[in-house]
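Each chain is listed here by its residues.
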Amino acid sequence: MRASLIQIAVDPDEPVDSRRARVARLVREESGRADLVVLPELWPMGAFAYELFAAESEPLNGPTHRAMAAAARDAGVWLHAGSFVEAEGGALYNTSLVLSPDGELIASYRKIHRFGFDKGEAVMMAAGEDLVTVDLPHLTLGVGTCYDLRFPELFRGLVDAGAQAFVVPAGWPARRRAHWTLLAQARAVENQAYVLACGTAGTHAGVEQAGHSIVVDPWGEVLAEAGPDEETLRVVLDPAKVTATREQFPALKDRVLGIAAPRRV
Ligand SMILES: NC(=O)CCC(=O)C(=O)O
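This one's a predicted model, so the numbers in the text were calculated from it and none came from an experiment. (Residues numbered from 1 in each chain as written. Predicted model: local features only at pLDDT ≥ 70, side-chain atom pairs only at ≥ 80, totals over all residues. Heavy atoms only, no water.)

Colleague: I'm lost on the pattern of salt bridges in this one. Help?
Modeller: Should their charged atoms come close, side chains of opposite charge can pair. Considering all chains together, one arrives at 16 salt bridges under this definition. Residue Glu 86 is joined to Arg 110 by a salt bridge in which the shortest nitrogen-to-oxygen separation is 3.0 Å. With Glu 86 in strand β3 (residues 78-88) and Arg 110 in strand β5 (residues 105-110), this pair connects stretches of sequence that are 24 residues apart. Judged by relative accessible area, which is 3%, Glu 86 ranks as buried. Assessed through its relative accessible area of 25%, Arg 110 is described here as partly exposed. Residue Lys 241 pairs with Asp 217 through a salt bridge whose shortest N-O separation is 3.0 Å. (Salt bridge = Lys/Arg side-chain N within 4 Å of Asp/Glu carboxyl O. Helix = DSSP H or I, 4+ residues; strand = E, 2+ residues; numbered from the N terminus. Buried < 20%, exposed > 50% of the residue type's maximum accessible area, 1.4 Å probe, protein only.)

Colleague: What am I meant to see in the nonpolar core here?
Modeller: When a protein is soluble and globular, its nonpolar side chains tend to lie buried together. Within the largest apolar cluster, 47 residues are counted, with the highest numbers of intra-cluster contacts made by Leu 36, Leu 141, Phe 166, Leu 196 and Leu 237. Top contributing element to this core by residue count: strand β9 (residues 194-198), with five residues. What Leu 196 contacts, discounting residues up to four positions off in sequence, is Ala 3, Leu 5, Leu 36, Val 38, Ala 165, Phe 166, Val 167, Val 168, Ile 214, Val 215 and Leu 237. Of all hydrophobic cores here, the second largest spans 22 residues; its members include Leu 39, Ala 71, Ala 75 and Leu 97. (Core = buried A, V, L, I, M, F, W, Y, C linked by side-chain atoms within 4.5 Å. Contact = heavy atoms within 4.5 Å.)

Colleague: Looking at this structure, I do not really get the sheet that holds strand β14 (residues 231-236). What am I missing?
Modeller: The strands making up a sheet associate through hydrogen bonds between their backbones, and the pairing can be parallel or antiparallel. The sheet built from six strands is open, its strands ordered β5-β4-β3-β2-β1-β14 with mixed pairing. The sheet terminates laterally at β5 and β14, the two strands that pair on one side only. Strand after strand, the sheet turns through a mean of 25° between neighbouring axes, direction not considered. Summarising the sheet, strand β2 (residues 36-38) and β3 pair through three bridges and their orientation is parallel. Among the inter-strand pairings, Val 38 is bridged to a residue of β3, identified as His 80. (Pairing = 2+ DSSP bridges. Axes fitted to C-alpha atoms, helices over the stretch in contact; angles between N-to-C directions.)

Colleague: Whenever I open this one, the pairing of strand β13 (residues 222-225) confuses me. Can you help?
Modeller: In the case of a regular strand, side chains alternate between the two sheet surfaces. Both strand β12 (residues 214-216) and β13 contribute to a ladder of three bridges, which runs antiparallel. Bridge pairing in β13 places Val 215 opposite Ala 224.

Colleague: I would appreciate a short explanation of the sheet that holds β9 in the present structure.
Modeller: The six strands lie next to each other as β6-β7-β8-β9-β12-β13, forming an open sheet whose pairing is mixed. Looking at strand neighbours, the two that pair on one side only are β6 (133-135) and β13, the edges of this open sheet. Averaged over all pairs of adjacent strands, the angle between strand axes in this sheet comes to 15°, irrespective of strand direction. Running over the sheet, helix α5 (residues 152-160) touches β6, β7 (140-143) and β8 (165-169) and is turned about 140° from β8.

Colleague: How do you make sense of the site of the ligand when you look at a structure like this?
Modeller: Around the ligand, the neighbouring residues are Glu 41, Ala 47, Lys 111, Phe 115, Cys 146, Tyr 147, Arg 150, Gly 171, Trp 172, Pro 173 and Arg 176. At 3.1 Å, a backbone N or O of Tyr 147 approaches an oxygen atom of the ligand. Considering the ligand on its own, with 300 Å² of exposed area, one finds that the protein chains cover 98% of that surface. Looking at the shell around the ligand residue by residue, the classes come out as six nonpolar, one polar and four charged. (Near = heavy atom within 4 Å. Polar contact = N/O pair within 3.5 Å; in protein donor to acceptor, adjacent residues only side chain to side chain. Areas by Shrake-Rupley, 256 points an atom, 1.4 Å probe, with all protein chains shown as cover. Nonpolar A, V, L, I, M, F, W, Y, C, P; charged D, E, K, R; others polar.)

Colleague: Just to check I follow, could you spell out the packing of α5 against helix α6 (residues 177-191) for this structure?
Modeller: It is the contact of α5 with α6, at a shortest axis distance of 11 Å, that shows an interaxial angle of 40°. In terms of orientation, α5 and α6 fall into the oblique class. Where α5 crosses over α6, the handedness of that crossing is right-handed. Residue-level inspection shows Pro 152, Phe 155, Arg 156 and Val 159 of α5 in contact with α6, the latter providing Arg 187, Glu 190 and Asn 191. (Parallel < 35°, antiparallel > 145°, perpendicular 65-115°, else oblique. Left-handed = near helix turned anticlockwise from the far one by under 90°.)

Spelled out as C-alpha cells, the structure:
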C-alpha cells in the first residue's frame, strides 16, 4: 500500500478558504501515486489558533468535509483528511475524517486527549470518547490525534481492536520536536505497528511548528522523515511486515493484563 503524508504549512497570512482549495489540489496531485493520503491536525486554521476555533467551526458535511470528499474521489484515494473543528450540539470537537476513494465518509474520530491544560483546546473543545479503527482493503488503521501520542494506553486499545498501523495527524510545536520523534518510534516499537505521523509546517498564533512528519515501521525503523517546511512524504507500507514482526518477536503475547495494584511494604 502506497501512502502519502502531506505536511501542510499553516500560516495566518493564507485565508482558510484559500488553504482549503490548495490542500484539495495537493490531495489530487497524489492521484496514481498513493492508495492512502494523510493530512495533519486542524490544518484549516492551525492547532494553536484558538481565537479562530469557533469562527471556523463546521458541522459534518461542511466546507472542509465536502472539499476533502471531492478531492478523495477525484484522486481515487483513501483520505485521512486530518482534523477540523467540528460544531455539534453546542460543543466543539477536534474531529478527523477518513474518506473512501468514492468520497464516502468511512469514519470520524473525535480527539480524546485535548491539549492545553487550562487553556486552548482543553477548555474550548469537548473530548471524544470512542476509539476508532478503519479496515482498509489490506490494512487496519487505528487513529489518534497529536497529543494522543503521549498516551500509550490509547494505542494499546487500538491494537486490541486490530490496528496494524496508526495514523496520527498533528500540529506539534518545534519546541518539543524531540518528543514527537521519540513518541512516534515508541508507539511503533511497543505495538509492532506502522506509525504515520503527519504534522504541520509554518508558524501560527506565534507557535512555530515542528514539521518533521515521520513514518516508522513495526520494527521502529524510520522509513521517511520530512524537514521543517511544507513537503509530501511517500512510502510503501507492507501489512505482511506487521504480521512477520509480531510472529518473529512475539512480545505482544507476553502482555500481563490486569496487573494488581502495588503492595505497600
Ligand atoms: N495540538 C496538540 O495536541 C499539541 C500537542 C503538544 O504540543 C504536545 O503534546 O507537546
